[in-house]
Structures are given as C-alpha cells and as structure tokens.
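Here are the chains, one letter per residue:
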Amino acid sequence: MNDEQVIFPLKGKRVWVAGHRGMVGSAIVRRLASEGCEILTAGRDVLDLERQSAVEAWIAANKPDAIFMAAAKVGGILANDTYPADFLYNNLVIETNIVDAAWRSGVGKVLFLGSSCIYPKFAPQPITEDSLLTGPLEPTNEWYAIAKIAGIKLAQAYRKQHGCDFISAMPTNLYGIGDNFDLNSSHVMPALIRKAHEAKLAGADSITIWGTGTPRREFLNADDCADACVFLMKTYSDFEHVNVGSGEDITILELARLVCEVVGFEGEIITDTSKPDGTPRKLMSADKLRGMGWKPKISLREGLERTYRYYRNSL
Ligand code: GFB
C-alpha cells in the first residue's frame, strides 16, 4: 500500500474488533498485529452485543478510534433457512447497537462487514455494487440479507445525517482458519473438508454433497478478507459499499473434486437433490477494489490446504 493512499492510519490508534473470536474477526486481529495499533476485544462474558445500553457503555468507556464490525450470526444455507428469526433479529440488533453507539461516542471510523447475499438472486454476473436493491433476494437467506442490507443503510444514514466516516465491505463466501465444521450449520467449504476427511478415514466409497452441484460460488480466504478490510479502513471513505472477492467462481461439484484431491479421498461424489441449491450463481465484480490497488494473495488451492491443516490440527 502506498503511503499517499492512506487517509486513516491505524498506527497508535485504539481499534476494536467486534466479533474477534469468529473466523473473520480473528483473521482481522492477526492482520492488525503488524499495524502498530492497540487492539481492543470484548468477549461475550464481558459484553453482550445484543444489549444496547451495554454496547453504549462499553464503547464510551473504552473509546475506540476505529471499529471493525465482524460480529454476526452466520451460517450456511441450511442454518439460514432454518433459523430466519435468529439471522434477522440478531444481526439487526448487533448492527444498530454498534453503529448508534459509535456515533454517540464519536468513533472516528467504522467498517461494517456484510455479505454477497445482499444482491438479487438473479443479478447480472459479475455483480457490481450498484446491483443492490434491484430485484428479489434468494429465499434461503433473505433474512440474513435483509439484516446485512440494513447494515449498509445504517452506515450510509449515519454518514449522511451525522457526517460519520462509516463504510461497508461486502465479502464473498469466506472460508479459512477458525471456520465452523458442524455439518448442519456450516458453509459448503468446511462441510466438504469434513465429509471428505471422515470418508477417507472410514474407507468409505462416497461422500454426499447437497443440491445438484451445479451452483457456482466465489470463495475468498478469511485472511485475504481481513487484509482487504484493513486496506479499506485505511484508504476508503465513501457512501457506497465495496465488494471483497477473488473475482473467480467454480461449481460446487468442481469444489468437491478439489477438496477430495487435497484431502486425498478418491471415492465417488453423490448429489442429494432434496437439499437446496440456493442462488444459482454469486460472482461479484472485483473491479472496484482492484481499481483501488488491492488484490487477494491466497489461491483457492493454497487456502484449502491451509484450512485442511487447521481442521486436522483442531481434531
Ligand atoms: O456455503 P453454503 O451453505 O451457502 O452453500 P450459500 C453453497 C452451495 O453448496 C449450495 C452446496 O448450493 C449448497 O447446496 N452444498 C453442497 C453444501 N454440499 C454442502 C454441504 O455439505 N454443506 C453446505 N452448507 N452446502 C450462504 C448464505 O449461502 O452463503 C449466507 O446462506 C451467506 O447467508 C453465505 O451469505 C456466504 O452460498 O448458498
């Protein structure tokens, strides 16, 4: 990053990573280690992000200069479809509490993290930032999407009405160290790693993947996402959100084959079409962020190998 690009240096600042125990939050904490800032964290035992007065009091007392909003209720397609109230309510309340309290305490900069599912189900591909609110959402995750759209709008509203320097980043499907490997609530990448690993150990003939295997998804390693978030925090100050992706997508079946190769499982891949496919394709345009000078460093294969190593070490 060129020095002249930096409009909000982090050196010497107090930086709160909300959600520091999650996959993205912990990656941001790792990434911030080289920024010379003071990293603030607050575990669930200390701060309940769903209680507005607690969030207000914590921010007022700890006086962060900047906040990364990586705290969220997240999950894969089945969890989103099964717990709509949790995905809508928990995310809305966490966002409103942090954004409003940040404004009240005069926090200098806030980065809100959303998701690529904010875009219409049939948005033209690759999806540019201006596709937001141009069509109906994918039903399996509309609750989460509505909460994340509200988060973007909160940041914009506080910028417009109060002049706050609040910005938003929209990461694509993320995976990596600290991922959730629970088969009912996880995203596809950790689920496939676990399925292939367990099938290999059991000497099984096949693994079963959900849906038809034809949907296309874009993947970005959580450490690349953290790097992009720090880049945006330091260099970006504008109304519109920014896509954070790899710019490449693959089918779920291709992903399953790659996972099996990395894990060393040689059996068959069977599709279970009683499970939902979700949106057919979700490739975001990477042009805006690339144009600012950021690009990912971790290839899909390298990221997968790292994530598989993490999974084995966590067993
Ligand atoms: O990662 P995933 O759960 O999320 O699923 P979405 C992606 C695709 O992989 C879907 C298929 O077509 C799934 O049917 N898939 C195949 C599997 N096998 C599996 C499996 O064993 N587990 C899982 N989980 N999927 C989520 C949204 O959508 O993406 C969230 O629900 C969020 O709101 C997140 O936006 C990034 O990409 O479909």
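Residues numbered from 1 in each chain as written. Predicted model: local features only at pLDDT ≥ 70, side-chain atom pairs only at ≥ 80, totals over all residues. Heavy atoms only, no water.

Attention now goes to the site of the ligand. The ligand sits among 22 residues. The nearest are Ile77, Lys195, Arg217, Pro276 and Asp277. The backbone of Trp210 places a nitrogen or oxygen atom 2.8 Å from a nitrogen atom of the ligand. Contact with the protein chains covers 98% of the free accessible surface of the ligand, which is 710 Å². Listing elements by their share of the shell around the ligand, those giving two or more residues are helix H3 (77-82), helix H6 (188-202) and strand S7 (206-210). If you tally residues by element for the shell around the ligand, the top one is H6, at 3 residues. (Near = heavy atom within 4 Å. Polar contact = N/O pair within 3.5 Å; in protein donor to acceptor, adjacent residues only side chain to side chain. Areas by Shrake-Rupley, 256 points an atom, 1.4 Å probe, with all protein chains shown as cover. Helix = DSSP H or I, 4+ residues; strand = E, 2+ residues; numbered from the N terminus.)

Moving on to the UniProt feature "domain: NAD-dependent epimerase/dehydratase" (unreviewed entry) in the chain. In the UniProt entry, the feature "domain: NAD-dependent epimerase/dehydratase" (unreviewed entry) is given for residues 16-245. This span, residues 16-245, is 43% helix and 17% strand, and a straight line between its end C-alpha atoms measures 24 Å. (UniProt positions renumbered as here; feature names shortened; annotations may be inferred.)

Core analysis: the largest hydrophobic core is formed by 41 residues, its most contacted members being Trp16, Leu49, Ile59, Ile67, Ile98 and Phe166. Broken down by secondary-structure element, the contributors of at least two residues to this core are strand S1 (14-18), helix H2 (52-62), strand S3 (66-69), helix H4 (84-104), strand S4 (109-113), helix H5 (142-162) and strand S5 (166-171). Core analysis: the second largest hydrophobic core is formed by 33 residues, Ala66, Ile167, Phe231 and Val242 among them. (Core = buried A, V, L, I, M, F, W, Y, C linked by side-chain atoms within 4.5 Å. Buried < 20%, exposed > 50% of the residue type's maximum accessible area, 1.4 Å probe, protein only.)

Following Gln125, the chain continues to Pro126 via a peptide bond in cis, the omega torsion being -15°. Along the polypeptide, Pro126 turns up in the loop between S4 and H5. Of note, Leu133 is a non-glycine position whose phi angle comes to about 60°, a positive value. Inspection of the secondary structure assignment puts Leu133 in the loop between S4 and H5.

Turning next to empty space enclosed by the protein. Taken as a whole, this structure holds 2 cavities of 30 Å³ or more when the rule is applied. Space inside the largest cavity adds up to approximately 60 Å³. Looking at the lining of the largest cavity, its residues break down into 3 nonpolar, 3 polar and 4 charged. The calculated volume of the second largest cavity comes to roughly 40 Å³. Lining the second largest cavity, in full, are Met69, Ala71, Ala72, Asn91, Ile94, Glu95, Ile98, Phe112 and Lys148. Considering every element that reaches the lining of the second largest cavity, the biggest residue donor is H4, with 4 residues. (1 Å grid on protein atoms, 1.4 Å probe; cavity = no way out; pocket = protein on both sides within 12 Å on 5 of 7 lines; lining within 4 Å. Points joined across faces, edges and corners; volume = space filled by probe spheres on them. Nonpolar A, V, L, I, M, F, W, Y, C, P; charged D, E, K, R; others polar.)

Looking at the second largest pocket, its volume works out to about 230 Å³. Surrounding the second largest pocket, 17 residues form its lining, Phe219, Ser246, Glu248, Ser299 and Leu300 being those nearest its centre. Secondary-structure elements contributing two or more residues to the lining of the second largest pocket are strand S8 (216-221) and strand S10 (249-251). With 5 residues, S8 is the largest single contributor of residues to the lining of the second largest pocket. Among the residues making up the lining of the second largest pocket, the classes are represented as 7 nonpolar, 3 polar and 7 charged.

One can find Lys195 in helix H6. In this structure the C-alpha to C-alpha distance between Lys195 and Arg217, which are 22 residues apart in sequence, comes to 19 Å. Excluding anything up to four places from it in sequence, Lys195 contacts Leu183, Ile207, Thr208, Ile209 and Trp210. (Contact = heavy atoms within 4.5 Å.)

For any pair of aromatic rings, the description rests on two quantities: the centre-to-centre distance and the angle between the ring planes. For the structure on display, the rule yields 6 aromatic pairs. Seen in terms of ring centroids, Phe87 and Tyr144 are 5.9 Å apart; in terms of plane orientation they differ by 80°. Their pairing is edge-to-face. Of this pair, Phe87 sits in helix H4 while Tyr144 sits in helix H5, and the two are 57 residues apart along the sequence. Ring plane angle 35° and centroid distance 6.3 Å describe the contact between Phe181 and Tyr310, whose orientation is recorded as tilted. Here Tyr310 lies in helix H10 (residues 300-314) and Phe181 lies in the loop between strand S6 (173-175) and H6, a separation of 129 residues in the sequence. A relative accessible area of 9% places Phe181 in the buried class. Given the relative accessible area of 28%, Tyr310 is considered partly exposed. Taken together, the ring pairs in this structure connect Trp103, Tyr158 and Phe166 into an aromatic cluster. Above the plane of the ring of Tyr308 lies Arg312, whose end atom (NZ or CZ) is 4.3 Å from the centre. (Phe/Tyr/Trp six-rings, centres within 6.5 Å; stacked < 30°, edge-to-face > 60°. Lys NZ or Arg CZ within 6 Å of the ring centre and 35° of its normal.)

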